[in-house]
Amino acid sequence: MEILHLDQISPDAVVLWKWKFFTLNATILYTWIIMAILTVGSWLATRNLSTEPETSRWQSLLEVVVVGMRNQIGEICQQDAGRYLPFIGTLFLFIAISNLLGFVPGYAPPTSSLSTTAALAVCVFVAVPLYGMWDRGPIGYLKHFAEPSLFIMPFHILGEVSRTVALAVRLFGNIMSGSKVVGILLAITPLLFPIVMQVLELLIGLIQAYIFAILSTVYIASALKAHEEKESFAHSSGSLSGSTTVSG
Amino acid sequence: MLIDWFTVVAQIINFLILVFLLKHFLYGRIINAMDQREARITSRLEEAETQRKEAENEAAMFKLKNQYIESQREEMISSAKEESESFKKDLMQKAREEIDSIQARWHETVEKQKIAFLKDLGQRATKEVFAVTRQVLKDLADKDLEQQIVDVFIRRVEKLSQEERRLISESVNGSGIILITSAFQIPDEGQVKILNTIKEYINNECQIDYQIASDVISGIELRTVGHKIAWSFDNYLASLETNVLEAMELGSRSEGAE
């Protein structure tokens, strides 16, 4: 039933259709499915939104999710989260749904493909300077690379790249390994134990989605003006200072 | 190769499309709905606050009004009490006066009736007493008494003053007749005595005409034109009756005055 054989690391290897350069593999297919679920689900849930104090359960659930994400982003960014919510929120929802669907037989999470995680990491890698420039202006943002000294700039750039790679590989490694562990356990002990592992995988999947989204927010926040001001205030007051860069 | 660059590009495009779709279908709508609801709740809260303030103001106003009405009510009650007390006093006073007046009238009426009754009773009693007395004296009259009466009459004539004698004598001069009325037949001896006495004391040339009248109780009367000399029990009784009635009248008047 498994679409992905044990010896196949990534769902990219499962090619369903190919025409010249264009390839339809399991990763893209499942991504489309997840996109469809999210889009249709959102459309269904938001087509009859109530502005009255009494709301439907679906609307309440969505509001809790959206408000929760917005608050988290707002706490990290120290400013209005509305600008970053679509990007970071979508990252979280996509990864979370992708991972949570892991218990469906025949499903291979797109996040277990390094191509997908790399794509998401690239998006973050591009989004960070874009948001930074949007917030501080291009010069203000680029000046940040030359601080405190111009010699530090290569290390800054290296840090940006390495954390992006780490972002991609962390997610890929966790989800791919989880799928493989469940697959191997199914082969060894097909009764009960794989279920426990699968539950654990669901938890890990959700945690990984949260970590990916939080790290992305932190990276974006580190490029913002508010973060800079906060950091400089910490330096000037002599309190403990340090980079907010979080590594996996 | 774990990374398929076509897939990477496709996934980037997929992700960006998903961002756009979710922004349109999820975040925008949810945030809008929440903002609208928040605005609505805020406006409702503000409205509720306004209404609460209005209600508080109205409550305070009604409290003041109630206090005013309460004070007015107490004033009105005390005023009404005073008025009713005064009215009651007036009524009582009027009632007392009316009762006094009725009582006075009643007393007056009773007194009048009493006086009238007493007067009537007195009169009747007097009349009865005198009627009985007259009857008794009439029944008791006999020869000796008639003789005594003649004697008493003669003494009265004798005791007349000069002026009285002259007046009677002058009144006799016209007709020359003196009428002697008695309740009994005067005996001859008595008639002689009377004649002699009259001739001696009143008029020497007159004639005497004797008549018997039952209403002259045990007595004798001498009548001329315009003059009369009489002695009888009836005279005493009439005089006594007059005196008694006058005394009763006087007594009833003094009682009525009191």
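Let me sum up the structure you'll find in this document. (Residues numbered from 1 in each chain as written. Chains lettered and ligands numbered in written order. Predicted model: local features only at pLDDT ≥ 70, side-chain atom pairs only at ≥ 80, totals over all residues. Heavy atoms only, no water.)

## Digging into the overall build of chain B
Link 1 in the chain: Each helix and strand in chain B was counted, giving five helices and four strands.
Link 2 in the chain: Going from N to C terminus, chain B has its helices and strands arranged as α-α-α-β-α-β-β-β-α.
Link 3 in the chain: Rg of the C-alpha trace for chain B: 65 Å, well past the compact-globule value of 18 Å for 258 residues, more than 25% over.
Link 4 in the chain: Principal axes of the C-alpha set define a box for chain B whose edges measure 210 × 35 × 25 Å.
Link 5 in the chain: Pairs at least 24 apart in sequence give 78% of the contacts found in chain B among residues at least 6 apart.
Link 6 in the chain: Within the structure as shown, chain B displays about 17700 Å² of accessible surface, and the carbon and sulfur contribution to it stands at 56%.
Link 7 in the chain: Once the 34 positive and 45 negative side-chain charges of chain B are each reduced to a mean point, those two points are 7 Å apart. (Helix = DSSP H or I, 4+ residues; strand = E, 2+ residues; numbered from the N terminus. Rg over C-alpha atoms; globule rule 2.2 N^0.38 Å. Contact = heavy atoms within 4.5 Å. Areas by Shrake-Rupley, 256 points an atom, 1.4 Å probe, with all protein chains shown as cover. Lys, Arg positive; Asp, Glu negative; His and termini not counted. Charge placed at Lys NZ, Arg CZ, Asp CG, Glu CD.)

## A few points about the environment of Gln 79 of chain A
Residue and element names in this part refer to chain A.
Link 1 in the chain: Looking at where Gln 79 falls in the secondary structure, it is placed in the loop between α2 (57-77) and α3 (85-100).
Link 2 in the chain: The exposure class assigned to Gln 79 is partly exposed, which follows from its relative accessible area of 22%.
Link 3 in the chain: Between the alpha carbons of Gln 79 and Pro 110 there is a distance of 32 Å; along the sequence they are 31 residues apart. (Buried < 20%, exposed > 50% of the residue type's maximum accessible area, 1.4 Å probe, protein only.)

## Some points on the pairing of strand β4 (residues 227-231) of chain B
Residues and elements named next belong to chain B.
Link 1 in the chain: Summarising the sheet, strand β3 (residues 220-224) and β4 pair through five bridges and their orientation is antiparallel. Of the residues in β4, the one forming a bridge with Glu 221 is Ala 230.
Link 2 in the chain: As consecutive antiparallel partners, β3 and β4 are separated by two residues, and within that stretch Gly 226 has a phi angle of approximately 90°, a positive value. (Pairing = 2+ DSSP bridges.)

## Details of the interface of chain B and chain A
Link 1 in the chain: Each side of the interface is counted separately: chain B has 30 residues, and chain A has 49 residues.
Link 2 in the chain: At the boundary of chain B with chain A, total buried surface from both sides reaches about 3600 Å², with 75% on carbon and sulfur atoms.
Link 3 in the chain: Looking at the side of chain B facing chain A, the largest losses of area belong to Phe 6, Phe 15 and Tyr 27 of chain B, adding up to 19% of the total buried there.
Link 4 in the chain: Viewed at the interface, chain A and chain B are joined by one salt bridge.
Link 5 in the chain: Notably, a salt bridge pairs Glu 63 of chain A with Arg 37 of chain B, separated by 2.4 Å at the nearest N-O pair.
Link 6 in the chain: Our count for the contact surface shared by chain B and chain A stands at ten residue pairs in polar contact (both at pLDDT 80 or more).
Link 7 in the chain: Here the residues of the side of chain B that touches chain A are counted per class, giving 20 nonpolar, four polar and six charged. (Buried area = accessible area lost by both parts, 1.4 Å probe. Salt bridge = Lys/Arg side-chain N within 4 Å of Asp/Glu carboxyl O. Polar contact = N/O pair within 3.5 Å; in protein donor to acceptor, adjacent residues only side chain to side chain. Nonpolar A, V, L, I, M, F, W, Y, C, P; charged D, E, K, R; others polar.)

## As for the sheet that holds strand β1 (residues 177-182) of chain B
Residue and element names in this part refer to chain B.
Link 1 in the chain: Strands sit in the order β2-β1-β3-β4 across an open sheet of four strands; the sheet is mixed. If you trace the sheet from one side to the other, it starts and ends with β2 (207-212) and β4, each paired once. Going from strand to strand, the sheet's axes swing by 20° on average, the running direction of each strand aside.
Link 2 in the chain: Pairing between β1 and β2: six bridges, direction parallel. (Axes fitted to C-alpha atoms, helices over the stretch in contact; angles between N-to-C directions.)

## What to know about the state of the cysteines
All names here are of chain A.
Link 1 in the chain: Following the criterion strictly, the structure yields zero disulfides over all chains and no others.
Link 2 in the chain: For Cys 77, which is in no disulfide, the shortest distance to another cysteine sulfur is to Cys 123 and amounts to 17 Å.
Link 3 in the chain: You can call Cys 77 buried: its relative accessible area is 3%.
Link 4 in the chain: We classify Cys 123 as buried; its relative accessible area is 7%. (Disulfide = S-S within 2.5 Å.)

## Re the side chain of Thr 217 of chain A
Link 1 in the chain: Topologically, Thr 217 of chain A is positioned in helix α7 (residues 193-222).
Link 2 in the chain: With sequence-adjacent residues up to four places away left out, Thr 217 of chain A is seen in contact with Ile 73, Ile 76, Cys 77 and Ile 88 of chain A.

## Describing the packing of α2 of chain A against α7 of chain A
Residues and elements named next belong to chain A.
Link 1 in the chain: Contact pair α2 / α7: the axes reach a minimum separation of 9 Å and the direction vectors enclose 35°. Judged by the sense of rotation from one axis to the other, the crossing of α2 with α7 is right-handed. On the side of α2, the interface is formed by Gln 72, Ile 73, Ile 76 and Cys 77, while α7 contributes Tyr 210, Ile 214, Thr 217, Val 218 and Ala 221.
Link 2 in the chain: For the contact of α2 with α7, the residue count by class is seven nonpolar, two polar and no charged. (Left-handed = near helix turned anticlockwise from the far one by under 90°.)

These values are about where atoms sit, not about what they do.
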